[in-house]
Amino acid sequence: MMKLWYKQIVSVIRLEMKKTFFSKRGLWVYLLAFAPVALYMVNSVHITRQRQNLVQLATEHPVSRSVFNGIKTGLSRDQVVEKLGEPYWQRTLYHDRESEKERSFVLYKYTDGKNDFTYHFKDGKLTQIKHRDPDTLPKSQLIFATSFQFYFLRLAIFFGCVGIFVNLFRGEMLDKSLHFYMLTPMRREVLLAGKYFAGLLATVVIFTSSTALQWWAMLWQFERGVIVDFLAGPGWTQFGAYLSVTALACVGYGSIFLAVGLLFRNPIIPTVAVLLWESANPFLPPLLKKTSMIYYLQSLCPVTASPDKNMPPVINLLISPTGPASTLTAVTCIVLLTLLVLVLASRQARKLEINYSTD
Amino acid sequence: MKNDLITLDNVSRFYGEVLGVNRVTLSLPPGITSLVGPNGAGKTTLMNLMAGLTHPTRGRIRVLGLSPTQSHRLFGLVGYATQFDAFPKGLSGFQFIYSFLRLFGYSNAECKRLANQVIEQVGLSDAAGRKVAGYSKGMRQRIRLAQALAHDPRVLILDEPLNGLDPLVRAETINLFRRYATEGRHVLVSSHVLHEVDMISDQVVLMSGGYVVAEGQIQGVRSEIQERPVKILIHCKQPSMLASKAFEHDHVVEAQILTEGSGVLIKTRDADQFYRLLNHLALNGIDIEGVTPADDNVDSVYDYLIGGEEKVSL
């Protein structure tokens, strides 16, 4: 019997493959999934060029890092130029363009090839020094963690699962082709399992590929040595953790939206309800917090998207999950929640009728 | 022996307040059974109930002893060609049947063999590699029939299977039904045209408004129908002469010349005799332009069969 079920599940997956991977209706899922890859790539290219540009400028206007340390506010422009030489870039800002005497700000830029310094002069005196750090790996890791938890998990994977899993049953009801499966000696539970695995295969492939590419695009801007050191340290573990969280998000959200497609004629309302519940998670009391998928997924993320002092307070509130669950608890809860939803969905599948005229 | 029957015991199905079928009690033996009724009579609902695609609001159904809710057992025995004209996207005729058979658990080689065999049986071998989406209506009808036949079922449920078929394929399909019936299988066919199925049916179930209005051996239904005058419209250039010649025969009970004088509406108790008479008149100089049965549809049969009674027992 198990052999027959296995064969039937594989056959359903094969049939669903085209719909889940290559449906025109599902193109937006790819956009959602791969948009961050494009952004990381553009950012990496931009930073690499900027770095090359700084190196070039440092060659043309050589200044050593130790000299920068000696520049303090209160120095005159002439003193700064005497120590650092001519800036690679300067601009004068006027309060009143009609009278050059009214000028008040002068900006000078210097670089040592890695760091970029901007000096603000007012009335010939240095009043402010702005230092832009080079883009470091820890900084990029934090950006990745934030983007992963607040865009990728909450929006991209969430809506990607809506697009793929809801359509597994609801889409076929609308296309009037669901009866095709119902005319075979296949248990409804087996059909449900086949469709779930088909959706899971598609979402896991699409979204884990995207996670892997985002990771690669994030690292691309760094020198080979930096990358090798990082991977030899926590890099591979973090990478594996992000891939696992991506797959688990597909497992969990997939089951929810498969059930939504079976239980509701109009999936928009339950989808919005789930979205609101997941989004409200940071504001919920601890007990309720543990009834949402995002709580466990965030608990599994290797880098905490920690509150940054420059981030708005609202975001700080959002990204501080209280008492993250242990890995074992998080994985167990996601799997149990998934099984519970699938059992409920299979009970509904048993009662499913083909009545296209009302759909 | 009881397991050879399809039985429905006081089966009703309502869609909210809309009646699908009501209080249907049937016991169908093997052979060709025709479900006949106009659109909305409840034929498709009854077939869907037998196949478990919908569930009865009340009553009990057994197909060869199995409940339709046991779809995993039922569809080993039952093949159902629905009226739904939709197919899984992007599949060719062969892929459609092949994929369907894979869901039965057959091996790859067995699926290929059975798919090719049944596609040949319905005369679609040349088009097997083409996408179903590009098929004509008749071809789609045939591929649905192939799907129902593919796993060699004991019970064939076919919703309007002759719709859209050309005369040659229709004749071949009817022969196929006959062959299945002679092998002791059930062939349950729906139609809204009684004349389409009365020649092939062993038994007939007439439906109207969700109720079974008549059921039994086809001979009984046919004799009921034969006692009823049939209307035939004849377009000709000499309607008065045709009417007077027709009236010389006892079986013609009424002749009505059309107001525009383009023809005559004859009511006869014996259509076969009247058609022979027409041939004779045509050979003797009456220029007949066209002959159309004026009430050759099941609605008029009901009008007659039901009469003032709720149900006619045959």
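Quick note: structure is the one above.
Here's a quick rundown of the structure.

Basis of the calculations
- In this convention, every chain numbers its residues from 1, walking through the sequence in written order.
- Chains carry letters from A onward and ligands carry numbers from 1 onward, assigned in written order.
- Under the rules for a predicted model, residues below a pLDDT of 70 receive no local features and side-chain atom pairs below 80 are neither given nor counted, while totals for whole chains, interfaces and linings still include all residues.
- Values shown for side chains rest on all heavy atoms present in the structure; no hydrogens or waters enter the calculation.
- Whether two residues are in contact is decided by their heavy atoms, any of which lying within 4.5 Å being enough.
- Here the quantity called buried area is the total loss of accessible area, with a 1.4 Å probe, experienced by two parts when brought into contact, counted for both.
- Salt bridges are defined as contacts in which a side-chain nitrogen from Lys or Arg sits within 4 Å of a carboxyl oxygen from Asp or Glu.
- Note on conventions: DSSP H or I runs of at least 4 residues are helices, E runs of at least 2 residues are strands, and numbering of each starts at the N terminus.
- For the exposure calls, accessible area comes from a 1.4 Å probe over protein chains only, and a residue counts as buried if that area is under 20% of its type's maximum, exposed if over 50%, partly exposed in between.
- For helices, the fitted line uses only the C-alpha atoms of the stretch in contact; every axis is such a line through C-alpha atoms, and the angle between N-to-C directions lies from 0 to 180 degrees.
- Each helix crossing is assigned a hand: it is left-handed if the near helix lies turned anticlockwise from the far helix by less than a right angle, otherwise right-handed if that turn is clockwise.
- Polar here means any residue outside two lists: the nonpolar Ala, Val, Leu, Ile, Met, Phe, Trp, Tyr, Cys and Pro, and the charged Asp, Glu, Lys and Arg; Gly therefore counts as polar.

All right, on to the interface of chain B and chain A then. Where interface size is quoted, it is often the accessible area lost as the parts come together. If you look at the interface, chain B gives 30 residues, while chain A gives 29 residues. Taken together, the two surfaces of chain B and chain A that pack against each other cover about 2500 Å², and 61% of this comes from carbon and sulfur. Ranking the residues of chain B by area buried against chain A places B:Leu53, B:His72 and B:Leu103 at the top, with a combined share of 27%. Run the count over chain B and chain A and you get two salt bridges. Its salt-bridge partner being B:Arg13, residue A:Glu353 comes within 2.8 Å of it at the nearest N-O pair.

Excluding glycine, most residues fall at negative phi; most peptide bonds, likewise, are trans. All names here are of chain B. Even without glycine at this site, Arg 23 takes up a positive phi of about 50°. As for its placement among the helices and strands, Arg 23 is situated in strand 2 (residues 18–28). Assessed through its relative accessible area of 57%, Arg 23 is described here as exposed. The phi angle at Glu 160 is positive, at roughly 50°, despite the residue not being glycine. Structurally, Glu 160 is set in the loop between strand 6 (155–158) and helix 6 (167–182). Overall, the relative accessible area of 4% leaves Glu 160 in the buried class.

A separate point is the packing of helix 11 (residues 293–300) of chain A against helix 13 (residues 327–351) of chain A. All names here are of chain A. Orientation of helix 11 relative to helix 13, taken along the N-to-C sense of each, is 145°, at an axis distance of 9 Å. The interaxial crossing formed by helix 11 with helix 13 has left-handed handedness. Each of Met 293, Tyr 296, Leu 297, Ser 299 and Leu 300 in helix 11 lies in contact with helix 13, whose residues at this interface are Thr 327, Thr 329, Ala 330, Val 331, Cys 333, Ile 334 and Leu 337. For the contact of helix 11 with helix 13, the per-class residue count stands at nine nonpolar, three polar and no charged.

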